[in-house]
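Structural description and commentary
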Amino acid sequence: MKRTRPTKLDTFTRQRSFHILIAIAILYLLLFTLEFPFFFSTTRATPRLSEQPSQTQQPFRRHDVVVSGLVLNDAAFSSEFHRSACREGKRVWKKLVSGDPRIAAPKPQNRSGSCPRSVTVTGSEFSRRGSVVVVPCGLTLGSHVTVVGRPLRGEGKMSHFVMELLGLKTVEGEDPPRILHFNPRLRGDWSGKPVIELNNRYRMQWGSALRCDGSKSRAEEDTVDELVKCEKWIGGEDREEMESKSAWWLKRLIGRTKKIPVDWPFPFSEDKLFVLTLSAGLEGYHINIDGRHVTSFPYRTGFTLEDATGLTLSGDIDVHSIFVASLPSLHPSISPQQHLEFSTMWCAPTVPDSGVELFIGVLSAGNHFAERMAVRKSWMQHSLIKSSEVVARFFVALHPRVEVNVELKKEAEFFGDIVIVPYMDNYDLVVLKTVAICEYGLRTVSAEYIMKGDDDTFVRVDAVINAARNAPESMSFYIGNINYRHRPLRHGKWAVTYEEWPEAIYPPYANGPGYILSSSIAHFVVSQFESHKLRLFKMEDVSMGMWVEQFNSTRPVYYWHSFKFCQYGCVEDYYTAHYQSPRQMMCLWDKLQKQTRPQCCNMR
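Residues numbered from 1 in each chain as written. Predicted model: local features only at pLDDT ≥ 70, side-chain atom pairs only at ≥ 80, totals over all residues. Heavy atoms only, no water.

Within strand 6 (residues 178-185), 7 of the 8 residues are buried, leaving the element largely enclosed by the surrounding structure. The pairing of strand 5 (residues 161-166) with strand 6 spans 4 bridges and is antiparallel. Bridge assignment links L166 to a residue of strand 6, and that residue is R178. Note that strand 6 and strand 7 (residues 195-202) share 6 bridges and pair antiparallel. The partner of R178 across the bridge, within strand 7, is R201. (Buried < 20%, exposed > 50% of the residue type's maximum accessible area, 1.4 Å probe, protein only. Helix = DSSP H or I, 4+ residues; strand = E, 2+ residues; numbered from the N terminus. Pairing = 2+ DSSP bridges.)

So, in structure tokens, the structure goes:
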């Protein structure tokens, strides 16, 4: 067949068609890549641990930042306080994802000159500073603190003072941790004998106390850097009552024993000057008084030497001077890169389309970088989570500090396990995170059971899901460490006014560190919230008890109480363990892998 040459009109038509197709493709590409700033972002995060993001280094996979759509709808709030908090959160989040380089890369702080090798404070300066000595960069191996003071006569039967190392650079809104608590009681305690007690406190939870009462510790069993934890002492007045000094020395010189024992009195006396030296060794803190070793306290899980950024003395004591020396010359990094390990092995698995059996929502704060990383590397590595049969997510609100939000966004984009609840974090608004957990568990992962926990709660995933499976199939359930007939506190830090809660007791409620709901209760919470009928009480665990009680008035609820959802610390064969430091999280996970029965990692 003879081919016909195309005309100019045919050529022009083809070229025009081709140009139209290119224009359509470009328009489609532009529409596809546009971002709706409130709901998601596709900026990649830094995969480096100690450096800023590299242009060539990208994570293996990219996650969108999930922002709770329920809480974004500020019209769902009946309170102006909640609406304004939501509007402010949306404003901050929109600014954060706008790509403003001044926000995305805040200027690093100038640390030059902030790490003195020593700190000297007189007694008058110490009083003017509020009885606190700031140690800017914390301690390091070989650092030592010298205190010159005089114990005072206390009122009544008490005569004691307290020296504490504090972690001043800690999470906003929380009491600083007591890294070392040193408490000599000159007139004794319940025993009637002079004692020295040492301890520490992490997240409102005291560890196991070391109590020195004059008996020497067993050197072969209990030492710190080959020094006993407690040295021996006796009361000088008691000795004089028993025998004279001359008889005491004569008996030891001509007696049968070859070694002459030296018994020292209690190291502190009222109105007598002392020189106390606290030094940091390899295994713990050592305390010498007037040149003599008195006690040693092993380092506890959850703290490092650089965490000790403050020293306080209080009680019956007159401080003459304080000298802190051999301090680190370089400032330890307090940035998230100190804690976050940007490795793809810690990224969250993909959520299945078919729904999951259990969803675990974990409440966290913006700058709890170390806590979230410890959770990722411990119980979130459970096979049920890695296989996506169980899904776990952190729920975090926005932080007042811009640089914290910037790092939080990077963390969320890389690991894919953070849900942003876009309001400025506030204790009275924590309840919104609980509502968001219910909403996410229902609408995003379609979970049968929904669990709420905290970022310092260790979860035995298999035990928790078995507890939910053992609940009656025909009933809605509420499982946890349930408080019955608890009364609201009317004074103190956790006080509740009569306007906030006029009743004498709370409804039954499970302690916040760990409880499980059936999806029917979660659906009720979300629907009541969206219809402006949900009462938002500032204590989120009490709020859930209120909501379950309301649900129970129409449909029966199975309440299951168990102390294995531990509220304070850890118990053997636990389901959840609360107030666990990042190091304890890893310890619990290691023990769970090696032992058949769950065992605690108490701070001993």
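Following the structure, the description resumes.
As a further point, take the packing of helix 8 (residues 369-377) against helix 10 (residues 402-415). It is at 12 Å that the axes of helix 8 and helix 10 come closest, and there the two elements cross at 10 degrees. Regarding the angle of helix 8 to helix 10, the classification is roughly parallel. Where helix 8 crosses over helix 10, the handedness of that crossing is left-handed. Only V404, E407, L408, E411 and F415 of helix 10 make contact with helix 8, whose side of the interface consists of F369, R372, M373 and R376. Split by residue class, the contact of helix 8 with helix 10 holds 5 nonpolar, no polar and 4 charged. (Axes fitted to C-alpha atoms, helices over the stretch in contact; angles between N-to-C directions. Parallel < 35°, antiparallel > 145°, perpendicular 65-115°, else oblique. Left-handed = near helix turned anticlockwise from the far one by under 90°. Contact = heavy atoms within 4.5 Å. Nonpolar A, V, L, I, M, F, W, Y, C, P; charged D, E, K, R; others polar.)

Moving on, we get to the side chain of E164. Among the secondary structure elements, E164 is positioned in strand 5. Within the local environment of E164, its side chain forms a polar contact with the side chain of H181, the two groups lying 2.7 Å apart. Those residues in contact with E164, other than ones at most four positions away along the chain, are R178, L180, H181, W206, G310, L311 and T312. (Polar contact = N/O pair within 3.5 Å; in protein donor to acceptor, adjacent residues only side chain to side chain.)

What we call a disulfide is simply a covalent bond connecting the sulfur atoms of a pair of cysteines. The final tally for this structure, using the stated rule, is 4 disulfides. C115 shares a disulfide with C137; S-S distance 2.1 Å. Between C115 and C137, the disulfide has an S-S torsion of -85 degrees and is therefore left-handed. Pair noted here: C115 is in the loop between helix 4 (101-104) and strand 2 (119-122) and C137 is in the loop between strand 3 (132-134) and strand 4 (144-151), with a separation of 22 residues, a long-range link. Taking the relative accessible area as the measure of exposure, C137 reaches 4% and is therefore buried. Taken N- to C-terminal, the disulfide-bonded cysteines of the protein chain are connected 1-2, 3-4, 5-7, 6-8. (Disulfide = S-S within 2.5 Å.)

These figures capture arrangement, not role.
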